[in-house]
Amino acid sequence: MRRLLVATGVLRYHLALKRNRDMLQLTRLSKQFGSRKVLDEVSLMVQGRDRLGLVGMNGSGKSTLMKIMAGIVAPDDGDRSIGRSETAGYLPQDGLEAGGRTLLREVTDACPQVRACEAAVRDIEGKLEGGAAGDPGHEDLLRRYGDHQAEFQRLGGYDLEARAQAILLGLGFASGDFERDTRTYSGGWQMRIALAKLLLLRPTVLLLDEPTNHLDLEARNWLEAFLADYPGAVVVVSHDRYFMDVTIDHIVEISGGKLSVYHTDYSRFEQERENRRLVAWEAYRKQREEIERIQMFINRFRYQASKAALVQSRVKYLEKLERVEPPEGREQIHFRFPQPKKSGRTVLTLEGASKRYGDLEVYRQVDFMLERGIKAALVGPNGAGKSTLLKMLAGVEPLTDGVHKLGHIVEIDYFAQDQSRTLDPDRTVLETMTEGAPLDIVPQLRTILGSFLFRGDDVNKRVAVLSGGERNRLALALMLLRPANVLLLDEPTNHLDLEAKDVLLEALLTYSGTVLFVSHDRHFLNRLSQHVFEVGQGEIHHYPGNYEDFLERKARDAAAEGSSPARAGKAARKKVKKEDAGEATTGGAAPAGGTAKEARIRARESEKAEARKEARHNRDLEKLEGRIGQAEKRLAEIEARLADPGLYEDPAGFEATLSEYQALKGERDRLYDRYQWMDEGRGGEAPG
């Protein structure tokens, strides 16, 4: 028993060492394209179960760094090293295509070692069946057979197909797709196939460049859970804020060819980056003031012989001074949708609408109404009909049956999922805008394009050479050319970086017209939606509130009914209809414990008490927000003081400042914990 315990302890020690080992290391790497230095002597270490998120503006070098980490692109200078037993697997943004094999075979063939081992086992089995026990070499065949079987088991060969099927189902494929030829899948599904192959291969370092671009919400949720349990390291580039927050615990920002590491999730990274930027600006400002003061001294006494030694000393000081570079500014898109004319109260209506494609029935006899000024999200699994509904409402797709009505003074602008593909690749950016602009808008085109980061010679670029993000920005800019009062948006955030998404979100929040949109970005969905329409199985169901409210309602319904969320939602709606029937179904009988009037009074009192409780809760949250804001402001002031070199000349002052900073930071963190506790509505004593 003692030997077993000792052996177990040694094993755990070695496993701990293995978990903390350096898997992949980049040392003083540089990469240049033409005259532009994308990476400038950067170093990075990936260890154990690290979860790193690469962020930076479009074109900052994120994909280049990923390709160097994967060993696909060689750096100009520096070193990339990876452990002997480590492997790096890379998923690019696009360009992958499979064909010629069934889906399941295509994915399982991504593990060549398993396939080779399986082939060796089958080959030896054939030889053993054709031979006899006394044949020369029979013992050697048996030994090799045992070795290959053991290796096959070590590589996970026996459950390879089961794991492949689980991954494919998680990514949105159906079990009936397993024998389908991969050539029949579109580009988005081809990327899912590539992702499935990579996840099945299980490299020790998983490099994912925009893995959520072609995934619906259900597939994203599955991928989030899969990555949470992934045994290796994960490095992700993503423009999905929610996905980054739940997947990543370290942020690596690429800016100006340099890397900055933040030990936090994405939401807190933004605040920490701003704090660092303020500290850097303060250091830059103080040095500039010092340089100007010294330069004034030099200029004043330059021609006085008695001051020559002092002047020369100051000149040498400036020559040796290591200059602090100003923090790199981050260009932003700044725009607002034109405030449109006010439409009638009802803007769009479908009555008894049906839509069929051959034998496929997407909608059957549905009624739908969109009111003025609301911002509503369409949700549902891939293939449920979200894009089809937007096309029906926009008049792009005719109804098979039913009536489509447009409200009074309604002007629609429809942004398709592949809107950027409708742009003429041979036209320049400016020509594209000029073609679609009213005459009175033409003088403003360069200003509008500048707000979308098309500046100077950029307006003369042809659409064909633009990146996916640039094309989407151009397609969005085209929407500013006329003041529509109804926006139908199908995945408007595709290919936009996180900063551009935030600007688009703020523009839509301040837009006074009506918005109906589809998005797979959880943060964007939750912030913008005031109503949610769920589509599926040919039906449309309405839920007031934002996306989080919708999820909570579905979860409550599912828990109450003990069934799937979809069934629970339908059952709850039936229950409401029955309750609305009220006295008609019960013959006016009073409920137990009093008259119907007394029951209504009790219900109203209960609602008032709940409302008072919620009001107190909201006031407490507001007070906490104020305290957090004060703490953050004070922390920024102290950080600026800590960046002052003069502070370190006073040891007592430095210790006092540092002590105050640490105490305030702990208090700030406790306030955040208390706020999260209260916001989640947990019972018991709140922390802090």
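Heads up: the structure comes first, above all this text.
Residues numbered from 1 in each chain as written. Predicted model: local features only at pLDDT ≥ 70, side-chain atom pairs only at ≥ 80, totals over all residues. Heavy atoms only, no water.

A. Representation of the side chain of Asn485 in the model. Counting through the fold element by element, Asn485 comes out in the loop between helix 15 (468–478) and strand 15 (486–490). You can call Asn485 buried: its relative accessible area is 3%. In terms of polar contacts, Asn485 uses its side chain to reach the backbone carbonyl oxygen of Ile409, at 2.8 Å. The contact partners of Asn485, leaving out residues within four places of it in the chain, are Pro340, Lys341, Ser343, Ile409, Val410, Glu411, Tyr511, Gly513 and Thr514. (Helix = DSSP H or I, 4+ residues; strand = E, 2+ residues; numbered from the N terminus. Buried < 20%, exposed > 50% of the residue type's maximum accessible area, 1.4 Å probe, protein only. Polar contact = N/O pair within 3.5 Å; in protein donor to acceptor, adjacent residues only side chain to side chain. Contact = heavy atoms within 4.5 Å.)

B. Here's a closer look at unusual backbone geometry. Backbone geometry at Arg202 places phi at a positive 55°, although glycine is not the residue there. In this fold, Arg202 is placed in the loop between helix 7 (187–201) and strand 6 (205–209). You can call Arg202 partly exposed: its relative accessible area is 41%. Positive phi outside glycine occurs at Ile409, with the angle close to 55°. Tracing the backbone through its elements, the reader meets Ile409 in the loop between strand 13 (401–406) and strand 14 (412–415).

C. Layout of the side chain of Lys355. Tracing the chain through its elements places Lys355 in strand 10 (residues 346–357). Relative accessible area serves as the criterion here: at 6%, Lys355 is assigned to the buried category. Within the structure, the side chain of Lys355 is placed 3.2 Å from the side chain of Glu397, a separation counted as a polar contact. Setting aside residues up to four positions removed in sequence, Lys355 forms contacts with Leu360, Glu361, Val362, Tyr363, Thr388, Met392, Glu397, Pro398 and Thr400.

D. Molecular detail of a positive patch on the surface. On the surface, a cluster of positive charge is made up of Arg600, Arg604, Lys608, Arg612, Lys613, Arg616, Arg619 and Lys623. If you trace the backbone, Lys608 turns up in helix 21 (residues 596–642). We classify Lys608 as partly exposed; its relative accessible area is 45%. (Patch = residues over 30% accessible without salt bridge, like charges linked within 9 Å, V, L, I, M, F, W, Y side chains within 5 Å. Areas by Shrake-Rupley, 256 points an atom, 1.4 Å probe, with all protein chains shown as cover. Salt bridge = Lys/Arg side-chain N within 4 Å of Asp/Glu carboxyl O. Lys, Arg positive; Asp, Glu negative; His and termini not counted. Charge placed at Lys NZ, Arg CZ, Asp CG, Glu CD.)

E. Examining the sheet that holds strand 6 more closely. Judged by pairing direction, the sheet is mixed, and its six strands sit side by side in the order 5-6-7-3-8-9 without closing on themselves. Edge positions in the open sheet fall to strand 5 (88–91) and strand 9 (258–262), since each of these has one partner strand only. When strand polarity is set aside, the average angle formed by the axes of neighbouring strands in this sheet is 20°. Of the pairings in the sheet, the one linking strand 5 to strand 6 comprises four bridges and is parallel in character. Following the sheet pairing, Tyr90 is matched in strand 6 by Leu207. The strands touched by helix 10 (residues 266–301) within the sheet are strand 3 (51–55), strand 8 (250–255) and strand 9, with strand 9 carrying the most contacts at an inclination of about 120°. (Pairing = 2+ DSSP bridges. Axes fitted to C-alpha atoms, helices over the stretch in contact; angles between N-to-C directions.)

F. Molecular detail of the nonpolar core. Counting residues in hydrophobic clusters, the biggest one holds 45 residues, and the most contacted among them are Phe337, Leu474, Leu487 and Leu508. The greatest single-element share of this core, amounting to five residues, is contributed by helix 16 (residues 498–509). Setting aside residues no more than four positions away along its own chain, Leu508 makes contact with Phe337, Lys375, Leu487, Leu489, Val515, Phe524 and Leu528. Leu206, Leu227, Tyr230 and Val236 belong to the second-largest nonpolar core, a separate cluster that totals 44 residues. (Core = buried A, V, L, I, M, F, W, Y, C linked by side-chain atoms within 4.5 Å.)

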